[in-house]
Structure formats: structure tokens, C-alpha cells
Amino acid sequence: MVATVMAGYEGHRGWINYLAVAPQYQRQGIGKLMMLEAEQLLVEVGCPKINLQVRTTNSEVIKFYQHLGYVQDLRTVQNDYHVYQRKSVVSDHSLLALDH
């Protein structure tokens, strides 16, 4: 396996449930491309916003998602996880607002 992503949409918000890139392929842009594709697919089905959970101690992953435009939702902390939300999604080099 090189990489995998699992995303879903329950009618209210989209979730990135899982993203993994094999260690030897990390830092080559694969994770970013997979996230952009997952986000685009969610937008295409009418998803108004995208959330994901990150373990509070996983600073490298937090930096990765922040670089992609995710910000921490300070209202939501679940055990050792914080929820991050995407405010916009890049699609065909334009930004689509997701926050309603």
C-alpha cells in the first residue's frame, strides 16, 4: 500500500475518517493530492463543510492539516482528539466557501 483515504458524508458535514501514506512515500505530496481529491468528491455531493479529528499529541499531522487550510474547532474536544474544520476547498484553482 502506498496510501489510503476514507471519507464520508452523513448529510450534515463531511468527515475525513482516515488518511495514511506509507513512510517511504511521505513528504512527496501524495497525502495532499489524496486530501484534495477527497474534498472535491465531498463538494460534488453537496457537502457544506468538512471535519476531521487529530490526536492532540500528533503535532506533525496537525501541521499537515493546517497547511491544507484546516483550523481547530475550539468548541469541540473529544478525549485526546481535537476536531479540525476546513473553511474552503480548492477546486479548479478557485475557492469554494464551505461554511454555512
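Given the structure is predicted, the values throughout are model-derived calculations rather than measurements. For every chain, the first residue of the written sequence is number 1, and numbering continues from 1 along that sequence. Reporting in this predicted model follows two pLDDT cut-offs: at least 70 for local features of residues, and 80 or more for side-chain atom pairs to be given and counted; totals over whole chains, interfaces and linings ignore these cut-offs and use all residues. Note: side-chain values were computed over all heavy atoms of the structure, leaving out hydrogens and water.

## Some remarks on the packing of aromatic side chains
Two numbers describe a pair of aromatic rings. These are the distance of the centres and the angle of the planes.
Here is step 1 of the chain: Centres within 6.5 Å are what make two rings of Phe, Tyr or Trp a pair, Trp counting through its six-membered ring; a difference in plane orientation under 30 degrees is then read as stacked, over 60 as edge-to-face, and the rest as tilted. Under the criterion given, the structure shown has 2 aromatic pairs.
Here is step 2 of the chain: On the numbers, 5.0 Å between centres and 65° between planes, the contact of Phe64 with Tyr65 is edge-to-face.
Here is step 3 of the chain: Three exposure classes are used, based on accessible area relative to the maximum for each residue type with a 1.4 Å probe and protein chains only: buried under 20%, partly exposed in between, and exposed over 50%. Judged by relative accessible area, Phe64 falls into the partly exposed class, the value being 26%.
Here is step 4 of the chain: A ring pair is formed by Tyr65 and Tyr70, whose centres lie 5.8 Å apart and whose planes are at 75°; its orientation type is edge-to-face. In this pair, the class of Tyr65 matches that of Tyr70, namely buried.
Here is step 5 of the chain: What links up through ring pairs into an aromatic cluster is the set Phe64, Tyr65 and Tyr70.

## A few points about the layout of surface pockets
Here is step 1 of the chain: Method remark: on a 1 Å grid restricted to protein atoms, a set of points is classed as a cavity if a 1.4 Å probe fits but cannot get out and as a pocket if it is open with protein on both sides within 12 Å along at least five of seven lines; lining residues have an atom within 4 Å of a point. Grid points are joined across faces, edges and corners, and a volume is the space filled by probe spheres set on the points. Considered as a void within the structure, the largest pocket measures approximately 720 Å³ in volume.
Here is step 2 of the chain: Along the walls of the largest pocket sit 26 residues, with Leu19, Glu60, Val61, Phe64 and Tyr65 positioned nearest its centre.
Here is step 3 of the chain: Within the residue set of the lining of the largest pocket, elements represented by two or more residues are strand S2 (14-21), helix H1 (30-44), strand S3 (50-55) and helix H2 (59-67).
Here is step 4 of the chain: Secondary structure elements are defined from DSSP: runs of H or I of at least 4 residues count as helices, runs of E of at least 2 residues count as strands, and each element is numbered from the N terminus. The leading source of residues in the lining of the largest pocket is S2, at 7 residues.
Here is step 5 of the chain: Gly counts as polar in this scheme, as do all residues outside two lists: the nonpolar Ala, Val, Leu, Ile, Met, Phe, Trp, Tyr, Cys and Pro, and the charged Asp, Glu, Lys and Arg. For the lining of the largest pocket, the class distribution of residues is 14 nonpolar, 7 polar and 5 charged.

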